[in-house]
Amino acid sequence: MASPAPRHRRNMAAVVVLVPVLVALALWAFAWPAARIAPRDLPLGVAGSVSATAPVEKQLARQDGAFEIHHYADEAAAREAVEDRNVYGAIVVTEQGPKLLTASAASPLVAQLLQQAVAGQAPQGTTVTTTDVVPAPAEDPRGAALTSSVLPMALAGVAAGVVATLLGLRGVRAVGALTGAAVLVGVVSAAIAHSWLGVLSGDWWAEAGALSLSTLAVSGAVAGLAALAGPPGIGLGGFLIILLGNPFSGASSAPEMLPEPVGTIGQWLPPGAGASLLRSVSFFDGAAAFGPALTLAWWAALGLGAVLLGDALKRRRTATPETVTAREPALVN
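What this report covers is the structure whose coordinates are included nearby. (Residues numbered from 1 in each chain as written. Predicted model: local features only at pLDDT ≥ 70, side-chain atom pairs only at ≥ 80, totals over all residues. Heavy atoms only, no water.)

1. Here's the deal with the packing of aromatic side chains
With the rule as written, the count across this model stands at three aromatic pairs. For the pair W28 and W32, a centre-to-centre distance of 6.1 Å together with 10° between the ring planes defines the contact as stacked. Within this pair, W28 and its partner W32 are both found in helix α1 (residues 5-35), separated by four residues, close to a single helical turn. Here the aromatic rings of W204 and W205 are separated by 4.8 Å at their centres, their planes lie at 75°, and the arrangement is edge-to-face. Ring-pair connections join several aromatic residues into one group, and the members of that group are W28, W32 and F248. Here the guanidinium or amino end of R85 rests over the ring plane of F284, the centre of that ring lying 5.0 Å away. (Phe/Tyr/Trp six-rings, centres within 6.5 Å; stacked < 30°, edge-to-face > 60°. Helix = DSSP H or I, 4+ residues; strand = E, 2+ residues; numbered from the N terminus. Lys NZ or Arg CZ within 6 Å of the ring centre and 35° of its normal.)

Below is the structure:
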């Protein structure tokens, strides 16, 4: 009988190597984007006549691609663009001096950055008037509560997918369980965040729907990967959602504040799309909600489809030997 010593040594070596690798990946995913936060093609409006706004646009263009400039004829058009989430803010050039429109509900960090940038470029002695067009809730002025909800919602989705898999739920039963769990998570989360804490201020049912869809996108993805790949699928799902999706979401700043392609990738993953959708339905009356909602719907549909496909494949593999056995007597005769 072979000695178990070589196997034990291999297991020890795997642990010694694997743990530092996981730590390095976690530090890279969480710390690197946070250490490189800066505006990158951040949508910013400039309102006023072309001749009046030209110096402002020229100054903004000097900042190495920090801002993506959108020109508007007047303050009303710029305000509408902020409310529609086309831009994070706008500089209105008036005879009395520059006026800044912000939306702290979209990102308190970006609103603060714009105030500092505009104040730094204004002529000495000029007072910049700032108007928060879409303010963050008074109970959560820094957006900390919404930011803090990204990881728990991701964990809830992962947990639902893992539990459904470990309990042996397959096919339609798994889809029903995941859908029911997602709906309850959305209702409970909306009750806590909106009704109790008051950190969400939009339509209650729209918020519950956004939270439910976010959870279903995650749980469906994890369960679907597990149905197709087995236990390694759970690990892959956790890696995509927790290790990449959470730090790449841009919920604490903005996708355009993260290094590329991190900001773009984050919006393709459920945590980032879920945070964007929740902001839209909570503070902007659903403006710019279609994109993130579609992303979450695709994740949910593909994940639940994979659950059904995995069940069908397993049934086929199970039925094949029985079919062969049943046919053998006929072949012998």
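2. Here we look at the sheet that holds strand β1 (residues 42-47)
Pairing in this open sheet of five strands is mixed, and the strands run β2-β1-β3-β4-β5 from one edge to the other. Strand pairing shows two members of the sheet lacking a second neighbour, β2 (67-72) and β5 (129-132), which therefore form its edges. Recorded for the sheet is a direction-independent mean angle of 25° between the axes of neighbouring strands. As paired strands, β1 and strand β3 (residues 89-94) are joined by three bridges and run parallel to one another. Opposite G45, over in β3, you have A90 as the bridge partner. (Pairing = 2+ DSSP bridges. Axes fitted to C-alpha atoms, helices over the stretch in contact; angles between N-to-C directions.)

3. Examining unusual backbone geometry
Each neighbour pair has its own omega, and for E260 with P261 the value is 5°, a cis peptide bond. Residue position: P261 is located in the loop between α8 (231-245) and α9 (262-268). Positive phi, normally seen in glycine, also occurs at D64, with a value near 50°. Tracing the sequence through the fold places D64 in the loop between α2 (50-61) and β2.

4. Regarding the pattern of salt bridges
Following the criterion strictly, the structure yields four salt bridges and no others. Among the ionic pairs, D311 bridges to R170, the shortest N-O distance being 3.5 Å. Here D311, found in helix α11 (residues 290-332), pairs with R170, found in the loop between α5 (144-166) and α6 (171-196); they are 141 residues apart in sequence, far enough to count as distant. Judged by relative accessible area, D311 falls into the buried class, the value being 10%. In this structure R170 comes out as partly exposed when scored by relative accessible area, which is 35%. Ionic pairing is found between D311 and R315, a salt bridge with its closest N-O pair at 3.0 Å. Of this pair, D311 and R315 both sit in helix α11, four residues apart, which is roughly one turn of the helix. Bridged by salt links that share partners, the residues E75, R79 and K99 form one connected network. (Salt bridge = Lys/Arg side-chain N within 4 Å of Asp/Glu carboxyl O. Buried < 20%, exposed > 50% of the residue type's maximum accessible area, 1.4 Å probe, protein only.)

5. Regarding the nonpolar core
Counting 49 residues, the largest nonpolar core has F67, L114 and F284 as its most contacted members. In terms of residue count, the dominant contributor to this core is helix α10 (residues 270-283) (five residues). When sequence neighbours within four positions are dropped, the list of residues in contact with F67 reads D41, L42, L44, L60, L113 and L114. Counting eleven residues, the second largest nonpolar core, distinct from the first, contains A164, V175, L178 and V307. (Core = buried A, V, L, I, M, F, W, Y, C linked by side-chain atoms within 4.5 Å. Contact = heavy atoms within 4.5 Å.)

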